[in-house]
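Descriptive structure summary
Now for the letters of each chain:
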Amino acid sequence: MNAIRPHIGIVGGGLAGLTAAYRLLQSGMVDVTVYESMPTCGGRIQSRTIRSEHVDFGGFLIYPWYTEGHKLFTDLHIDTCLVQTPLDDILYILDENDHAITEDAVAFPPKETVKIWTKSLLKILQKSPLSEPDLDRFNGKTISEYLRSALDTQEHAGIYETFFDTVSQGYCYGSVTETKAAFMMPIVRQVKFHGDIRSTSFFPQGSATVIDHLVKEITALGGTIQCSTPITKIDGHTLQSHDHHFTHDTILFAQNVSPDLYRTILPDLPDVDPACTYTQFLTVAVALNATPTFGTSKPWGAAFYAPDDSMPEQILSVINASSLYGSALAGCVVLNIVLRDRSPESITDESISAIAHRELTRLFPTLIVEEILESVRWKNTMPIAQESFVQSVRDAQGKNGYYFAGDFLGAPSIETAIATGSRAAERIIADHS
Ligand SMILES: Cc1cc2nc3c(=O)[nH]c(=O)nc-3n(C[C@H](O)[C@H](O)[C@H](O)COP(=O)(O)OP(=O)(O)OC[C@H]3O[C@@H](n4cnc5c(N)ncnc54)[C@H](O)[C@@H]3O)c2cc1C
């Protein structure tokens, strides 16, 4: 390590950037400044207080196999705050008749199901880490192409595609015809071999508790966080934000992929653009006069709707807030609404209200919308990355004093953000030793 402590600049104060900052500072060998464009840190971790409960609008479900995540929560002494999500039914509405079913009632054809699993076994048996998937394993196929290639006839492909699409888009991922299998299959593997999607936990005090603890630790360890500082230009090791310039020995890029910025960082790449795009969603909490019912008396936790591309905006998932947060939020739902042909930035509060009213009336005509409680416009909801782009970023890791972290590098998730942040920090420390 140099006699003078290297000063690391980190662009982006989401989970990836903050985890990296914390791990770097823990080493005691470097100085760190984080630049965050927004007034507060957190990125796609956003909790809001509604009726005294901490409701999550961004990432919140923590799976048991999030090893780097659990390690971080243990180090921050918040692992004991995690609570298992209630085992209430997860419902799927896959046809136009609004018939809600649980996964075990989906009419997957048995012979084709065996075929898909047999053909997929070799592909998914061997581990492909969430945060660093094997980019070549699915030969560049999208999920749809992969599913269809695993079946001899295309007759029954529809139900698998529809189900996969409903689940993934309900979680705000891209469609099966866009999303590459290499990035999503590591999640399928874990779900299949290590528990169903209900084996998750969450922070009842909101996932923002992770961000709050990281910010506190970073500050206590002598790190600096500069919010409201969007990095707009990069020249070598100098970061520019409006009229301010910040020069660092090493820079870690942990912000969302912006083609312009990445063209500067990876100038040798001819085809960076459009190798990583993002889905666009609104997340809206609404108070209804009663909790929606789906023809079942069993308590439900979430309902997922099959995507319909002909609709410009569509509710793709509804979370029953009282199932997670208790009776204070009885009748409240959190909606994930996909925006197909207009940007979230162009949408006013009035339009959000109009879209939520229209969509809720369509789905639940007998219920009354009492109040729009909160909403978040997600411009960069979930990344849809191409293998070639991620490979280029992997190849550039550590070159020219540039490092990279963020959920676009793997299966987009809290785990990938934390793991890539930790790994980048380890690499920076090793390279400076
Ligand atoms: C609605 C929703 C639900 C989700 N649910 C789950 C879930 O249940 N479980 C799960 O595992 N994952 C979930 N996720 C995904 C998870 O939240 C993300 O994968 C993770 O938070 C990404 O962290 P990150 O640090 O990579 O990116 P971000 O959180 O996006 O952080 C990037 C940061 O960089 C900042 N930035 C961007 N450009 C600049 C710039 N030029 N200069 C300075 N700063 C900049 C941004 O403001 C942001 O704060 C969900 C995401 C969303 C949106």
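Computed from a predicted model, the values in this text were never measured in an experiment.

Some thoughts on the overall build of the protein
Tallying secondary structure elements over the protein gives twelve helices and 21 strands in all. Its C-alpha atoms give the protein a radius of gyration of 22 Å, near enough to 22 Å, the size a compact globule of 433 residues would have. Overall, the protein is about 70 × 50 × 40 Å in size when its C-alpha atoms are taken along their principal axes. The burial tally for the protein puts 42% of its 433 residues in the buried class. Sequence-distant contacts, at least 24 apart, represent 74% of the contacts inside the protein between residues at least 6 apart.

Quick notes on the site of the ligand
The environment of the ligand is formed by 35 residues, the closest being Gly12, Gly14, Gly43, Gly59 and Leu61. Those elements that place two or more of their residues in the shell around the ligand are helix H1 (15–26) and helix H12 (414–432).

A look at the nonpolar core
Judged by nonpolar contacts, the single largest core of 116 residues is most densely connected at Ile10, Leu18, Ala20, Ala21, Leu252 and Ala321. Examining the composition of this core, we find that eight residues originate from one element, H1, more than from any other. If we skip the residues at most four places from it in the chain, Leu18 touches Gly13, Val34, Cys41, Ile211, Leu214, Val215 and Ile218.

Comments concerning the pairing of strand S3 (residues 47–50)
Pairing of S3 with strand S4 (residues 53–56) involves four bridges; the strand directions are antiparallel. By the bridge assignment, Arg48 is partnered in S4 with Val55. A loop of two residues connects S3 with S4, the two strands running antiparallel in sequence, and Arg51 in this loop sits at a positive phi of about 45°.

A word on the domain arrangement of the protein
For the protein, the assigned domains read domain 1 (7–84 + 203–273 + 385–432), domain 2 (108–194) and domain 3 (280–378). Of note, the centres of domain 1 and domain 3, computed from C-alpha atoms alone, are 30 Å apart. Of the residues lining the interface, eight residues belong to domain 1; the matching set on domain 3 comes to eleven residues. Elements that contribute at least two residues to the side of domain 1 that touches domain 3 include exactly S3 and S4.

Parameters and conventions
- Counting starts from 1 at the beginning of each chain's written sequence and moves along it residue by residue.
- Local features in this predicted model are restricted to residues whose pLDDT is 70 or higher, and side-chain atom pairs enter the listing and the counts only when it is 80 or higher, whereas totals over whole chains, interfaces and linings include all residues.
- The helix count covers DSSP runs of H or I at least four residues long, the strand count covers runs of E at least two residues long, and both are numbered beginning at the N terminus.
- Only C-alpha atoms enter the radius of gyration; for comparison, a globular chain is expected to reach 2.2 Å times N to the power 0.38, where N is the number of residues.
- For the exposure call, what matters is how many other C-beta atoms sit within 10 Å of a residue's own: 20 or more marks it buried, 12 or fewer exposed, and in between partly exposed, using C-beta atoms placed from the backbone.
- Placing C-beta atoms from the backbone, we regard two residues as in contact once those atoms come within 7 Å.
- By convention here, the C-beta atom is placed from the backbone, and a residue is near a molecule or strand when that atom is within 6 Å of it.
- Here, a nonpolar core denotes buried Ala, Val, Leu, Ile, Met, Phe, Trp, Tyr and Cys residues that are linked to one another through C-beta atoms within 7 Å.
- Two strands form a pair only when DSSP identifies at least two bridges running between them.
- Residue ranges assigned to each domain were obtained from an automatic or database domain assignment.

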